[in-house]
Amino acid sequence: MSALSGSFPSRTEAELQQLQQDGRLAVCTAEAFRSQVAQHGLAEAYRRTHVVVASSAEFTSQASLLLQLGPTDPPMRIRRFRLGPAEGQGGHGNTDLLLPLGQGGALALEALLRGDTLPFSASGSGGEQQPRLELETQLSLEQIGAGRLLLHRGVVENGVVAVSSREGLTPTPWGPVLGPLVSALYSCGGAGSIGLTMPGLRQLGPGSPLLVAGGIGWVSGAGSGHNPAVKRQTEGQALSPGASAAVEVDLHSLDPRWLRATRLGGEDTGLLVALAAPVPLLNGEQAHWAAMDDTQLEAPVLDYGIPRRVRPSFGRVPYSELRSGQLRVGERQLSCAPAHSPRLAAEIGAALVTQLQEGRFPLRPPLAPLPKRAALQPLD
C-alpha cells in the first residue's frame, strides 16, 4: 500500500470527529463499501468514505449479567439466588448479583427484556447487620435498579467451522453437528464482520464504543481467549479466532429485537448478540482490509468429535464456500449452516450508519490498545 500512498491521503481521528460535528461524515456498511470498490476502485471508494461500519451477530455462552438490586428489610446479604430458569451468586455487595448466561441466564435475560416478570428467590449468609436469610418475590426489568450485560468474549477476530468425525450428534459451543462428517456450523460472518474488517482488532481497546443490541457499549479490555499472535494471512487477517475484546453495555439500553437466547443442549444456553463497530478509514491499508471479500477470507475446520485442547484440523475453507451451504472435507460433502445471524448483523450495521451520520454515536479512538500478551494460557 505504501506505493499507492498518494492515492490514499492519511486522515486523523480528530479530522473525522470534526466532519461528524459538521454533518459531513461519509459512512457506509462494509458491504456497501465493497460494492463501491467493485464499481469505482479502491482509491475512489476511499475518497468517498470516511468510516466503514462492521457488524456481527454471533452466539456466545461466555457472558454474564451484573444486577444491582435495592435493599431488603430487614437487610440481607445475598449469597445464592434463582431468577426464573437461572441460578447465580451474590456476595459482591449486599444485593449485587452475578448471573452467568450459560446455564439458563440467557433465557432469563430474554424474558426480562420482553417485559416478563420472573420469580426470584434468594438465600443469605446472615449476620448482625444483614440478618435476613431468605427472600421470595417477583422481579421485572423495571424493578432492577441497574444492570450490565458483560460479554467476556464480545468481539473475536475470526471464527471456526465445527464438524465431527464421531458417529451421531456431537455438541459444540454453537449447537450440535452430525457425524461422521455430515454437517457443519460456522461461527463467524466472514467479510464485513468486526474481527475480519480490522485485523488484530487494532482499532479497538478499552473505551472503544460499540453498538451492542441497540445500546452504546464499551470495550473493557482483552476478552476470553485473547490470542493476537495466531497465524495470519499475508494481508494480516487471523486464520483462527485470534484477538478478542470484552464488551459491556447497560442492561436497560438493550433492544430485544437484537438479542436471541438459544438452548445448546441439556441445560446449556447461549445468547446471540448483534454488535456493530465504526471502522475509521485513516489510510489505504485500512481501506484494503475493509474491501476484502469472502473469497479472500478463510476459517479453520476443526473436529469437535475429539475432545482435546488442540482440536484436530481439516484445514481451512474460504467463507464463500461456507456461504454456499456445502463444504467439502476430503472426499466428504457436508451441509453447513451459519451459527450466527447475517440478517441481524446487517440490521444493526445499518442502524449504526444512521447514528454516526446523525451524530448520535461517539466516534473516538480507544484509551489504550488491546494487550499483546495472550490471555489464552493452557493449564496442565
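Preceding block: the structure.
Residues numbered from 1 in each chain as written. Predicted model: local features only at pLDDT ≥ 70, side-chain atom pairs only at ≥ 80, totals over all residues. Heavy atoms only, no water.

(A) Inspection of helix H1 (residues 13-21) at higher detail. Of the residues making up H1, those classed as buried are Glu13, Leu16, Leu19 and Gln20. Viewed along the axis of H1, the buried residues span an arc of 120 degrees, placing them on a single side of the element. Residues of H1 that are exposed and point over 90 degrees away from its buried face: Ala14 and Gln21. Those residues of H1 that are buried are in contact with strand S2 (51-60), strand S18 (268-280) and helix H8 (342-357). Of the residues flanking the end of H1, it is Gly23, one or two places downstream, whose phi is positive at about 75 degrees. (Buried < 20%, exposed > 50% of the residue type's maximum accessible area, 1.4 Å probe, protein only. Helix = DSSP H or I, 4+ residues; strand = E, 2+ residues; numbered from the N terminus. Arc of directions from axis to C-beta. Contact = heavy atoms within 4.5 Å.)

(B) Looking closely at the packing of aromatic side chains. Going through the model one piece at a time under the given rule, you end up with three aromatic pairs. Plain terms: the ring middles of Phe8 and Tyr46 are 5.3 Å apart, the flat faces sit at 65 degrees to each other, and that makes the pair edge-to-face. Taken together, the residues span a long stretch of sequence, with Phe8 in the segment before H1 and Tyr46 in helix H3 (residues 42-48) at a distance of 38 residues. Taken individually, Phe8 and Tyr46 each receive the classification buried, so the pair is uniform in this respect. Here the guanidinium or amino end of Arg11 rests over the ring plane of Tyr46, the centre of that ring lying 4.0 Å away. Against the face of Trp258 rests Arg257, its NZ or CZ located 4.2 Å from the ring centre. (Phe/Tyr/Trp six-rings, centres within 6.5 Å; stacked < 30°, edge-to-face > 60°. Lys NZ or Arg CZ within 6 Å of the ring centre and 35° of its normal.)

(C) Summary view of the pairing of strand S14 (residues 209-212). In S14, alternate side chains face the same way, and those of Pro209 and Leu211 on one face and Leu210 and Val212 on the other are all buried. Where S14 meets strand S15 (residues 215-222), four bridges bridge the pair, whose relative direction is antiparallel. By the bridge assignment for S15, Val212 is matched with Gly215. Taken together, S14 and the strand that follows it, S15, pair antiparallel across an intervening segment of two residues, in which Ala213 is found at a positive phi of about 50 degrees. One ladder, built from two bridges, connects S14 with S18; its direction is antiparallel. (Pairing = 2+ DSSP bridges.)

Just geometry here; none of it tells us what the structure is for.
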